[in-house]
Amino acid sequence: MHTSIDKIVTGKAGDIYKQVIQDIELQDSPHKTFKSIWSAYEHGDSKSNNMNGHIFEYAVCEIFKKYNVGVLYFQCVFWGMPHDRFDIGGWTKQQRPIIISCKTSLRERWKQADMEGRLLKNIFPKAESYLITNEPVEAKAQRRRIETGTSQGIDNVFVAHESEFDKFINELKEKNPITCEPIIPLTGTRV
């Protein structure tokens, strides 16, 4: 398979990613394609914790592009907010921002995604925040945190290699992410 996300696939991680997906075929569902990409990466030689994160993000973006989710932005910034570089973000046709945090595993890192979601929701109350992981047990624990209100910044969590990811893809398509015009965070006359 040839990558559809050439603009974001860069550096050493990009080279490894392109090599990983070259023998992958698009499957009949997003989670199966993700599973194929991740399995090919895991059986390769270039694994590290840092590389895992890059490849995971690329694979998620590839799925969004291949399955026609709409316009989303990688390493998205909203108006220079604190901690404002989101893994994936966009703006829906319903006039609300959406952010997606990609974590191969959660451990304590769900707190970062939760904080990002809370910050965005303080500015945009109708903002939506999602978490994608590769760990089903950790996803289940995160769902409990969402249900009990411990994690108020995340709306839902999905496991990329399970069929629930396909449902998320369909939900995103319905939200119809659109192209955004960049907004300069500060305007005025220069002193």
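Just so we're clear, the structure is a prediction, and the values are computed from it rather than from any experiment.

Participant: Before we go on, may I ask you to explain the overall build of the chain in this structure?
Facilitator: Of regular secondary structure, the chain possesses six helices and six strands. The linear arrangement of helices and strands in the chain, starting from the amino end, is α-α-α-β-β-β-α-β-α-β-α-β. Against the compact-globule benchmark of 16 Å for 191 residues, the chain has a radius of gyration of 17 Å, which places it among compact chains. Dimensions of the chain, computed from C-alpha atoms along their principal axes, come out at roughly 55 × 45 × 30 Å. Going through the 191 residues of the chain one by one, you find that 47% of them count as buried. When the accessible surface of the chain is totalled, it reaches about 10,500 Å², and 49% of it is carbon and sulfur.

Participant: Would you take a moment to explain the pattern of salt bridges for this structure?
Facilitator: Under the definition given, this model contains eight salt bridges. The partner of D114 in a salt bridge is R118, and the shortest N-O contact between them spans 2.8 Å. You can see D114 and its partner R118 sitting in helix α4 (residues 110–123), four residues apart, about one turn around the helix.

Participant: Mind showing me how you'd approach the packing of helix α1 (residues 11–21) against helix α2 (residues 30–42) here?
Facilitator: The geometry of α1 relative to α2 is characterised by a closest axis approach of 9 Å and an angle of 115 degrees between their N-to-C directions. Between α1 and α2, the interaxial angle falls into the category roughly perpendicular. Between α1 and α2 lies a crossing of right-handed hand. Across the interface between the two elements, Y17, V20 and I21 of α1 pack against I37, A40 and Y41 of α2. Among the residues making up the contact of α1 with α2, the classes are represented as six nonpolar, no polar and no charged.

Conventions and cut-offs
- In this numbering scheme, every chain counts its residues from 1 along its sequence in written order.
- It should be noted that, the model being predicted, local features are given only for residues of pLDDT at least 70 and side-chain atom pairs only at 80 or more, the latter also being counted only at that level, while totals for whole chains, interfaces and linings use all residues.
- Computation of side-chain values: all heavy atoms of the structure, hydrogens and water removed.
- Counting from the N terminus, the helices are the DSSP runs of H or I reaching at least four residues and the strands are the DSSP runs of E reaching at least two.
- In this treatment the radius of gyration is a C-alpha quantity, and the globule benchmark scales as 2.2 Å times the residue count to the 0.38 power.
- Burial classification: accessible surface area is computed with a 1.4 Å probe over protein chains only, and a residue below 20% of its type maximum counts as buried, one above 50% as exposed, and the rest as partly exposed.
- Reported accessibility uses the Shrake-Rupley method at a 1.4 Å probe radius. Residues are deemed covered only where the shown protein chains occlude them.
- When a carboxyl oxygen of Asp or Glu is within 4 Å of a side-chain nitrogen of Lys or Arg, the pair counts as a salt bridge.
- Here, axes are lines fitted to C-alpha atoms. For helices the fit covers the stretch in contact, and angles between N-to-C directions go from 0 to 180 degrees.
- These descriptions rest on fixed angle ranges, namely under 35 degrees for roughly parallel, over 145 for roughly antiparallel, 65 to 115 for roughly perpendicular, and the rest for oblique.
- Two helices cross in a left-handed way if the nearer one is turned anticlockwise from the farther one by less than a right angle. They cross in a right-handed way if the turn is clockwise.
- In what follows, a contact means two residues having at least one pair of non-hydrogen atoms within 4.5 Å.
- Only Asp, Glu, Lys and Arg are considered charged, only Ala, Val, Leu, Ile, Met, Phe, Trp, Tyr, Cys and Pro nonpolar, and every remaining residue, Gly among them, polar.

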